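# Structural description and commentary
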Amino acid sequence: MSQALPLHADTVGSYLRTEPLKQARADFAEGKISREALTQIEDQEIAKLVEDQLAAGIQVITDGEFRRAFWHIDFLENLNGIEGYTPEHGYKFNGVETKAYNTRCCGKVSWNPAHPFIEHFKKLDKIVAGRGVVKYTIPSPNQLMYPVQWDTGVYATRAEFAKDVQQAYIDCIKAFYEAGCRYLQFDDVYWGSLCNNHEKPEFAADKAQALENIQVILAQKPADMIITTHVCRGNFRSTYLLTGAYDPVAPELFGQTAYDGYFLEYDNERSGGFEPLKYFNDNPHKGKIVLGLVTSKFPELEDKAAIKARIAEAAAIVPLEQLALSPQCGFASTEEGNIMTEAEQWAKVRLVEEIAAEVWGEDTI
């Protein structure tokens, strides 16, 4: 696999939890079933999910984040030096609040060689068995850069904390690579926060730290490993957390980071226009811009002609062959999921595949 996304149709990675999985997780939380019983049901439902993805035509296969409660916390709290805890409030989205749970620094940060996500990847890879490109999603290191995460008295400065986070992620990438992973995705709300908060006095320092984290980590990735990012503005029960176009971060994010692909939200006006993508053309590391033009928040299917017109609009800035299509976010960034049915979810996925095939031709692995 080359250092560029091989396909023009992809998904961000999370899928609606199935009813058997929801029931099993509820039963485990209430002490009605064992961890082993829950794991067995997770394995079964992920195996079914793999078949559903293949049946929908998508060739980039994930485990749907079926073993997680949150898209990010389950990974972060299993790093050395990071713990999960229950704060007073959850994340406050537009008109709704998540359940109260977060992570914070509790000691020196490093990679945990026993991190459960490595075994989770191996299980997924075995299920897929070469029938598609296996992608695993993890939160970006930038998700730990908020003061509530790091400023707990363990580290004197964020810069000192960031150095250890960078090394933890370098070791993380190595562990995934040694397990056979060749496609890893960093999900990143931090860049979205910067777009939302670009007028704050700390903006420049926050952006510089976010850029450094990614540059240092990606400089150490294996040559034949794809690492992409998804820049999100929040996704919980079909609502959002942040607003703001990409302009304030575009020179750094699109022009200087060495990602192999950028999954970008472009399903409504909150994300702005395509003009900031011009900085991608100056990036010496040529990957793909993945246009999130199909919303994962609502079930209504987009008009094909309208999506194709927007792809053509983006292609006036970035060459068509360096573009791809995906839903704007995952369908279930938390286990609660967005407000739609599984059938509506798969209709969205098939729509992405159909439009991509009509614009770029059939994808081949």
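Conventions we followed
Residues numbered from 1 in each chain as written. Predicted model: local features only at pLDDT ≥ 70, side-chain atom pairs only at ≥ 80, totals over all residues. Heavy atoms only, no water. Buried < 20%, exposed > 50% of the residue type's maximum accessible area, 1.4 Å probe, protein only. Helix = DSSP H or I, 4+ residues; strand = E, 2+ residues; numbered from the N terminus. Pairing = 2+ DSSP bridges. Phe/Tyr/Trp six-rings, centres within 6.5 Å; stacked < 30°, edge-to-face > 60°. Lys NZ or Arg CZ within 6 Å of the ring centre and 35° of its normal. Axes fitted to C-alpha atoms, helices over the stretch in contact; angles between N-to-C directions. Contact = heavy atoms within 4.5 Å.

Named according to an unreviewed UniProt entry, the chain is 5-methyltetrahydropteroyltriglutamate--homocysteine S-methyltransferase originating from Neisseria animalis.

## Some words on the pairing of strand S11 (residues 288-294)
Burial analysis of S11 places 7 of its 7 residues in the buried class, the great majority of the element. Pairing of strand S10 (residues 261-265) with S11 involves 5 bridges; the strand directions are parallel. Within the sheet, the bridge partner assigned to Glu 265 lies in S11 and is Gly 292. When S11 meets strand S12 (residues 323-327), the two strands line up parallel, connected through 5 bridges.

## Looking at the packing of aromatic side chains
On inspection of all chains with the given rule, the structure shows 20 aromatic pairs. Measuring from centroid to centroid gives 6.3 Å for Phe 121 and Phe 176, while their planes differ by 75°, and the two rings are edge-to-face. Here Phe 176 lies in helix H6 (residues 158-178) and Phe 121 lies in helix H4 (residues 116-128), a separation of 55 residues in the sequence. By the burial criterion, Phe 121 is buried, and Phe 176 matches it. The residue whose ring lies beneath Arg 182 is Tyr 177, and the NZ or CZ to ring-centre distance is 3.6 Å.

## Quick look at the sheet that holds S11
An order of S7-S8-S9-S10-S11-S12 is seen for the 6 strands of this open sheet, with the pairing classed as parallel. The sheet terminates laterally at strand S7 (136-139) and S12, the two strands that pair on one side only. Strand-to-strand twist in this sheet, taken as the mean axis angle between neighbours without regard to direction, amounts to 25°. Against the sheet, H6 makes contact with S7, strand S8 (183-188) and strand S9 (226-231), and its axis sits at roughly 170° relative to S7, the strand it touches most.

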